[in-house]
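Notes for the structure review
As a plain string of letters, each chain reads:
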Amino acid sequence: EVRRPPGILYEQWDQRLMADVGINQVPGMGQLDIEGMDPGDQNQYIEDISTILAFGVVVVLTFGFVFGYVYLQNLQAKADMMQRLLDSGY
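Here the structure is a predicted model, which means the values were calculated and not measured.

**Thoughts on the overall build of the chain**
- Within the chain, the secondary structure is distributed over 2 helices and 0 strands.
- Counting the 90 residues in the chain, one finds 4% classified as buried.
- Total accessible area computed for the chain in this model is approximately 8500 Å², and 64% of it derives from carbon and sulfur atoms.

Here's what the structure looks like:
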């Protein structure tokens, strides 16, 4: 950002750097590159992690919906009890 010439948009500067520097061709410079692993193994681990994350999201969402439903039912029961108390004249 400091070396970017004035008047050049960030996207254009980023594209120019990627084309000139060629950092993608350097082994191990990717976000998920692990030394000593071939790309096939890396893809398998990414798929496994994606499956675990998807399962975790489903579990958390299910818990959230169940908790919300129970909370709203409890809130409705308390509101009904309060309304009965108000209607009874206390």
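**So, helix α1 (residues 10-21)**
- End to end, α1 covers 16 Å across 12 residues, agreeing with the expected 16 Å (1.5 Å per residue, within 8%).
- At the exit of α1 stands G22, carrying a positive phi of roughly 65 degrees.

**Digging into a nonpolar patch on the surface**
- Nonpolar side chains collect at one region of the surface, where L17, M18, V21, I23 and V26 lie side by side and expose about 390 Å² of accessible area between them.
- The residue V21 is located in helix α1 in this model.

**Let's talk about the packing of aromatic side chains**
- Within the structure shown, the criterion is met by 1 aromatic pair.
- Taking 6.2 Å as the distance between ring centres and 20 degrees as the angle between the ring planes, the aromatic pair formed by F63 and F67 counts as stacked. Here F63 and its partner F67 are both found in helix α2 (residues 39-88), 4 residues apart, which amounts to about one turn of the helix. In this structure, F63 and F67 share a single accessibility class: exposed.

The rules we used
- Residues numbered from 1 in each chain as written.
- Predicted model: local features only at pLDDT ≥ 70, side-chain atom pairs only at ≥ 80, totals over all residues.
- Heavy atoms only, no water.
- Helix = DSSP H or I, 4+ residues; strand = E, 2+ residues; numbered from the N terminus.
- Buried < 20%, exposed > 50% of the residue type's maximum accessible area, 1.4 Å probe, protein only.
- Areas by Shrake-Rupley, 256 points an atom, 1.4 Å probe, with all protein chains shown as cover.
- Expected span 1.5 Å × (residues − 1).
- Patch = residues over 30% accessible without salt bridge, like charges linked within 9 Å, V, L, I, M, F, W, Y side chains within 5 Å.
- Salt bridge = Lys/Arg side-chain N within 4 Å of Asp/Glu carboxyl O.
- Phe/Tyr/Trp six-rings, centres within 6.5 Å; stacked < 30°, edge-to-face > 60°.

Keep in mind that these numbers describe shape and distance, not what the molecule does.
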